[in-house]
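Structural overview
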Amino acid sequence: MAAQTLYDKLWQSHVVVQRDDGSALIYIDRHLIHEVTSPQAFEGLRLAGRSLWRRDANLAVPDHNVPTERVERSGGVAGIADPISRLQVQTLDDNCRDYDIVEFEINDRRQGIVHVVGPEQGATLPGMTVVCGDSHTSTHGALGALAHGIGTSEVEHVLATQCLIQQKMKNMLVRIDGSLQKGVTAKDVVLAVIGKIGTAGGSGYAMEFGGEVVRNMSMEGRMTMCNMSIEAGARMGMVAVDDITLDYVRGRTYAPTGDMWEQAVAAWRELHSDDDAHFDRVVELRGEDIKPQVTWGTSPEMVLPIDGHLPDPAKIENHTQREGVLRALEYMGLQAGMPITAIRPDRVFIGSCTNSRIEDLRSAAAVVRGKRVASSVKQALVVPGSGEVKQQAEAEGLDRIFIDAGMEWREPGCSMCLAMNADKLGAGEHCASTSNRNFEGRQGFGGRTHLVSPAMAAAAAIAGHFVDVREW
Amino acid sequence: MKSFIAERGVVAPMDRANVDTDLIIPKQFLKSIRRSGFGPHLFDELRYLDEGYPGQDCSKRPQNMEFALNLPRYQGASILLARENFGCGSSREHAPWALEDQGFRCIIAPSFADIFYNNCFKNGILPIVLGADVVDSLFRELYAAEGYKLKVDLEAQQVTTPSGDVYGFEVDEFRRHCLLKGLDDIGLTLEDAAMIRAYEQTARERSPWLFDVIK
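Read on for a plain summary of the structure. For clarity, every value in this text was computed on a predicted model and none was experimentally measured.

**Here we look at the sheet that holds strand β3 (residues 106-109) of chain B**
Residue and element names in this part refer to chain B. Read from one edge of the open sheet, seven strands run β4-β3-β2-β1-β5-β6-β7, paired in mixed fashion. The outermost strands of the open sheet, each flanked by one partner alone, are β4 (126-129) and β7 (166-168). The sheet shows a mean angle of 30° between the axes of neighbouring strands, direction not considered. When strand β5 (residues 149-153) meets strand β6 (residues 158-160), the two strands line up antiparallel, connected through three bridges. Looking across to β6, one finds that lysine 151 is bridged to threonine 160.

**Some points on the packing of helix α7 (residues 186-197) of chain A against helix α9 (residues 219-227) of chain A**
Residue and element names in this part refer to chain A. Orientation of α7 relative to α9, taken along the N-to-C sense of each, is 25°, at an axis distance of 8 Å. The angle between α7 and α9 places the two elements in the roughly parallel class. The hand of the α7/α9 crossing is right-handed. In this structure, α7 uses Ala186, Lys187, Val189 and Val190 to contact α9, whose residues at the interface are Gly221, Thr224 and Met225. Taken together, the residues of the contact of α7 with α9 sort by class into four nonpolar, two polar and one charged.

**So, the packing of aromatic side chains**
Residues and elements named next belong to chain B. For the structure shown, the criterion picks out 14 aromatic pairs over all chains. Aromatic pair phenylalanine 38 and tryptophan 97: ring centres 6.0 Å apart, planes at 25°, arrangement stacked. Taken together, the residues phenylalanine 38 in the loop between α1 (21-24) and α2 (44-47) and tryptophan 97 in helix α3 (residues 94-101) connect sequence positions 59 residues apart. For the pair shown, phenylalanine 38 and tryptophan 97 are each scored as buried. The aromatic ring of tyrosine 48 is capped on one face by arginine 61, whose charged end is 3.8 Å from the ring centroid.

**Side note on helix α12 (residues 319-332) of chain A**
All names here are of chain A. Helix length check: α12 (14 residues) gives 20 Å between terminal C-alpha atoms against 20 Å at 1.5 Å per residue, within 8%. Regarding α12, the residues found buried are Thr320, Gly324, Val325, Ala328, Leu329, Tyr331 and Met332. Viewed along the axis of α12, the buried residues span an arc of 165°, placing them on a single side of the element. Of the surrounding elements, those touching the buried residues of α12 are β17 (430-433) and β18 (448-451). Regarding α12, its N-cap is asparagine 318, as a side-chain oxygen of that residue lies 3.0 Å from the backbone nitrogen of threonine 320 further along. Two residues or fewer past α12, glycine 333 is found with a positive phi of approximately 65°.

**Overview of the sheet that holds strand β3 (residues 30-33) of chain A**
Residue and element names in this part refer to chain A. The sheet built from four strands is open, its strands ordered β4-β3-β5-β6 with parallel pairing. Sheet topology places β4 (58-60) and β6 (146-149) at the edges, where each strand pairs with a single neighbour. Adjacent strand axes in the sheet meet at a mean angle of 20° when their direction is disregarded. Inspection of the sheet shows strand β5 (residues 129-132) paired to β6 by four bridges, in the parallel sense. When the sheet's bridge partners are listed, cysteine 132 is paired in β6 with glycine 149.

**Some words on the interface of chain B and chain A**
Between chain B and chain A, the contact holds 65 residues from the first and 83 residues from the second. Interface of chain B and chain A: buried area, both sides summed, is about 6100 Å²; carbon and sulfur atoms make up 57% of it. Among the residues chain B hides against chain A, the three largest losses belong to B:Lys31, B:Trp209 and B:Ile214. Together they make up 15% of the total. At the boundary of chain B with chain A, the tally comes to seven salt bridges. The partner of A:Asp82 in a salt bridge is B:Lys31, and the shortest N-O contact between them spans 2.6 Å.

**Description of the pairing of strand β15 (residues 379-382) of chain A**
Residue and element names in this part refer to chain A. Covered by surrounding structure in β15 are Gln379 and Leu381 together with Ala380 and Val382, the residues of both alternating faces. Two strands pair when backbone bridges link them, and strand β14 (residues 347-350) and β15 are joined in this way by four bridges, in the parallel orientation. Across the sheet, valine 348 pairs through a bridge with alanine 380, a residue of β15. Traced from β14 through helix α13 (residues 358-368) to β15, the parallel crossover comes out right-handed. In the sheet, β15 pairs with strand β16 (residues 408-409) via two bridges, with the strands oriented parallel. Along β16, the bridge assignment pairs valine 382 with tryptophan 409.

About the cut-offs
- Residues numbered from 1 in each chain as written.
- Chains lettered and ligands numbered in written order.
- Predicted model: local features only at pLDDT ≥ 70, side-chain atom pairs only at ≥ 80, totals over all residues.
- Heavy atoms only, no water.
- Pairing = 2+ DSSP bridges.
- Helix = DSSP H or I, 4+ residues; strand = E, 2+ residues; numbered from the N terminus.
- Axes fitted to C-alpha atoms, helices over the stretch in contact; angles between N-to-C directions.
- Parallel < 35°, antiparallel > 145°, perpendicular 65-115°, else oblique.
- Left-handed = near helix turned anticlockwise from the far one by under 90°.
- Contact = heavy atoms within 4.5 Å.
- Nonpolar A, V, L, I, M, F, W, Y, C, P; charged D, E, K, R; others polar.
- Phe/Tyr/Trp six-rings, centres within 6.5 Å; stacked < 30°, edge-to-face > 60°.
- Buried < 20%, exposed > 50% of the residue type's maximum accessible area, 1.4 Å probe, protein only.
- Lys NZ or Arg CZ within 6 Å of the ring centre and 35° of its normal.
- Expected span 1.5 Å × (residues − 1).
- Arc of directions from axis to C-beta.
- Polar contact = N/O pair within 3.5 Å; in protein donor to acceptor, adjacent residues only side chain to side chain.
- Buried area = accessible area lost by both parts, 1.4 Å probe.
- Salt bridge = Lys/Arg side-chain N within 4 Å of Asp/Glu carboxyl O.
- Right-handed = clockwise from strand over helix to strand, strands pointing away.

The quantities given are spatial measurements derived from coordinates; they are silent on function.
Set out below in structure tokens:
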């Protein structure tokens, strides 16, 4: 058999029907559901009089709309102040009850951001096809899974058929060899990748991350990287299975045990690209070259190392690019040529499906321990990715470190990553955010987002402006 | 789903690269549990000067008259001309729902984000990829002539300009077929139900840990 990439193997093992027109019917092992992109899919199912194909393939959790303030949260669904958000979360509960789908409800200890919860519970496993009506489903590829976001029509398709009609993507390898400098994290690596290839660089590709840096990276770090493959244009990111993967998966609630574990491991050991597999595109970076990254504009590709200076539109020849930079500078209220370190965040957000896992919180806590948030920073939110992450962080005393520094310790949810709940930026406010998108208005109408790692966000909260965490 | 065979309509410009789905339909409108009514909030943050919220009457809101889509010459447009990487960002199908609700049946750009591109076909919208230089020249023609219309023919896979220039475009055969016929692809897939069951049977034997775990 010809040498295969990891993506080729995952694809091939899930083909139900290969059609002559180039499309294929692909089987979906795990379907994750949240409240925002599912109501119309359930409605469609009902209107067409169709039934759910396979209930045990589904797992639901509300995350986008849930309040993160303890008082509002303690009232459960009925306690959600915004009536439209409340109805959406209630609708998820109703749909899951009607179709007998397992849901971790709003105040379940296992509730959290769907992309944190899936791997944490062992609900997403190596070798699976995983989909969810959310573009950051690419996160689960870190386990050696084929995972990607889908629209609501496809959510309905999966509910009704357990399959999707797909066209095979091309293969891209992003290889990062060498080693990372102290203070440089997975977030910086993936932002550097996006800076190098652009937000459309991975369009049409399945993106595998490899090389020494990735091999040495924790699962949390790999999830951060795969999470943001979509920001590089690739709707699926993935990493080969190795001992780090298996150590992470072992013992999780829904992971196999005993003989079945051994059987699974034997299969999972094959989940890597063959040595001579063909990639349509290979992108290479050296770990040593990567510095802490900060986005300055309104697209994740508008990113610079911490010692960088904002671009000068006058020096850009391409018209569309120049207009883009001009518009971004204006929206962000920043001047061409100014140093990144002169940007002063009004708020700080540590959380999101990109960076709200225990390792992220430990790294932020290590920076703020014994210090105080700068007086110019109006608010610094720390939002754990799940109830289990929250519990673990509290057992380690991380919550005290954040609270003592003047930060707010919240209940789990998507929160200020996309501001569908009450956590949002005011117009014109700058935010040092560990989330994944710095689009206009993403974190609130007129809000200005700067994407950074948890350690960089924490350091900016203390210093009152962006600083190089390598010198912290 | 509405079929798409051909469309001749007014073209409106969205002249910036990397238009993301947050820009197409901001997050506060995603709280709706319905599939319709997103049209008045298409490009909400560019189109109006104030902050929008779900359920409001948009007819009384202050419009941003510097935003092209608000100009009288582009009213009633059914074709959107856009730049690179249109529809990047989130997977929200609310983006094509908003475009469709506003009356757009076709989007022409040098490239699209993968998830958005796929979502368009599920909603009777045809996304067309043309070369960056062709798109550039279409933008020039569009700005030069008020009431500029294009003819889009999915059967022939051609875009025709008012002056008679014809540009061919590629589209995946399965998607083209579904769009031409307005087919419900869930119905199509269910025709293969026996194949899906057979696959499941094999998968259950090969990888039993994938079944009956979440219950």
